[in-house]
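Below are the chains, spelled out letter by letter.
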Amino acid sequence: MSKSYNIAVLPGDGTGPEVVREGKKVLSAAATKFGFKLNFKEYDFGGDRYLKTGEVLPDSASEELRKFDSIFLGAIGHPDVKPGILEKGILLQLRFDLDQYINLRPVKLYPGVPTPLKDKGPEHIDYVVVRENTGGLYTGVGGFTMKGTSDEVAIQSMVYNRKQVERCLRYAFDYTRKRNKRNTLALCGKTNVLTYVYDLWERAFHEIGEADYPDIKREYYHVDATCMWMVKNPEWFDVIVTGNMFGDIITDLGAITQGGMGIAAGGNINPEGVSMFEPIGGSAPKYTDKNVINPLASIAAGGMMLEHLGEDQAAKAIEGAIMDVTAHKIKDMGAGRMGFSTSEVGDLVAERV
Ligand code: IPM
Ligand code: MN
């Protein structure tokens, strides 16, 4: 009997549905080729639903999504909804509810993709950022006093406990070992200023590394220096592990070095539960329904999902197909500049799978 997976699909807002359509097209091609089944079930969470019903996410959503083998997400963010409502109410809410404590973001330059980094090619840009995904500044701990007055105080706290830090670090060490490329894990922090939180990260990093991962080389970089080296010497990096806020910031920098939001994908991972895969970019409202948005990031997210589900061969086939298309077909990763429409790019990849 062939394996079968239940996938919840959340196309979301803006160009989300268009890129998800191509992602599903390629996933289905891979399933047929490698002999497994994907049962997709769509959910309409997003801005349009919120504007119609006033509800961001139904109370039952997380419980229902928990039952799937995986979640495939398009994009969240609507021009008619105040920034933050949907992002916090859907994307962050699901990351928290489903305890997707890892955000795995590969930074890999595919052949033929233009990078803004001078004299760098695919041989230089190939590393992975492990971003802690449920703690730190994102916990929302904070508040105002004397709001609206000239004495107003606003506080937003970076909160981490040892367990959160430890499970993220262990995931990163394991991932580095499994990747087996340079067996080097870099901690990105700010121990010279954030002397509590990154002190905890750094102590845990060395304790765990020394005790359980002596085969993995440890490096430390401050976050500002990390940004500098990601531009100047990206080839130094193998796997970078960092907290939630720094991980958010450095992965946009990483994404632009790998060709931008049209190609960068990531996974919100709960190693013991249900994970959610998505393009890193947003809903790009101005390109909606024009058939010009680049679907490669969504397709790549689909590949990551299959790898996570244990369909390694199918995942490799998708990545290989993407690389063939970037090397020989698409000239530019930008929306409207690919030389092909959104659906044509999906076809090109699906054919090659
Ligand atoms: C990301 C996004 C989100 C984040 C936003 C939309 C809440 O920027 O996935 O990187 O900050 O995590
Ligand atoms: Mn971000």
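One can find the structure itself at the top, above this paragraph.
Rules behind the numbers
- Residues numbered from 1 in each chain as written.
- Chains lettered and ligands numbered in written order.
- Predicted model: local features only at pLDDT ≥ 70, side-chain atom pairs only at ≥ 80, totals over all residues.
- Heavy atoms only, no water.
- Near = heavy atom within 4 Å.
- Polar contact = N/O pair within 3.5 Å; in protein donor to acceptor, adjacent residues only side chain to side chain.
- Areas by Shrake-Rupley, 256 points an atom, 1.4 Å probe, with all protein chains shown as cover.
- Helix = DSSP H or I, 4+ residues; strand = E, 2+ residues; numbered from the N terminus.
- Nonpolar A, V, L, I, M, F, W, Y, C, P; charged D, E, K, R; others polar.
- Pairing = 2+ DSSP bridges.
- Axes fitted to C-alpha atoms, helices over the stretch in contact; angles between N-to-C directions.
- Contact = heavy atoms within 4.5 Å.
- Patch = residues over 30% accessible without salt bridge, like charges linked within 9 Å, V, L, I, M, F, W, Y side chains within 5 Å.
- Salt bridge = Lys/Arg side-chain N within 4 Å of Asp/Glu carboxyl O.
- Buried < 20%, exposed > 50% of the residue type's maximum accessible area, 1.4 Å probe, protein only.
- Arc of directions from axis to C-beta.

Enquirer: It is not clear to me how the site of ligand 1 should be interpreted in this structure. Could you clarify?
Expert: Around ligand 1, the surrounding shell consists of Glu87, Leu91, Leu92, Arg95, Arg105, Arg131, Tyr138 and Asp248. Within the contact set of ligand 1, an oxygen atom lies 2.7 Å away from a side-chain nitrogen or oxygen of Arg95. Within the side chain of Asp248, one N or O atom sits 2.9 Å away from an oxygen atom of ligand 1. Protein chains shield 76% of the accessible area of ligand 1, which is 320 Å² for the free molecule. Ranked by residues supplied to the shell around ligand 1, first place goes to helix H4 (residues 85-97) with 4 residues. Residues belonging to the shell around ligand 1 are distributed by class as follows: 3 nonpolar, no polar and 5 charged.

Enquirer: What is the right way to read the sheet that holds strand S2 (residues 37-42) from this model?
Expert: Within a beta sheet, neighbouring strands are joined by backbone hydrogen bonds and run either parallel or antiparallel to one another. On the basis of which strands lie adjacent, the open sheet formed by 10 strands has the order S2-S1-S3-S12-S11-S4-S5-S10-S8-S9 and mixed pairing. Bordering the open sheet on either side are S2 and strand S9 (217-222), each of which pairs with just one other strand. Across the sheet, the axes of successive neighbouring strands diverge by a mean angle of 25°, strand direction being ignored. Two strands pair when backbone bridges link them, and strand S5 (residues 126-132) and strand S10 (residues 239-242) are joined in this way by 4 bridges, in the parallel orientation. When the sheet's bridge partners are listed, Val129 is paired in S10 with Ile240. On the sheet, helix H6 (residues 197-212) packs against S5, strand S8 (184-189), S9 and S10 and is oriented at approximately 165° with respect to S8.

Enquirer: Which parts of the structure should I look at to understand a nonpolar patch on the surface?
Expert: Together, Met146, Val153 and Ile155 line one region of the surface with nonpolar side chains, adding up to about 270 Å² of accessible area. With respect to the secondary-structure elements, Ile155 resides in strand S7 (residues 153-156).

Enquirer: Got a minute to help me understand helix H7 (residues 223-232) in this structure?
Expert: Helical geometry note: an α-helix holds 3.6 residues per turn, so side chains three or four residues apart project in the same direction. Among the residues making up H7, those that are buried are Val223, Thr226 and Met230. Down the axis, H7 shows its buried residues gathered within 45° of arc, on one side only. Buried residues along H7 sit against S5, S8, S9, S10 and helix H8 (244-257).

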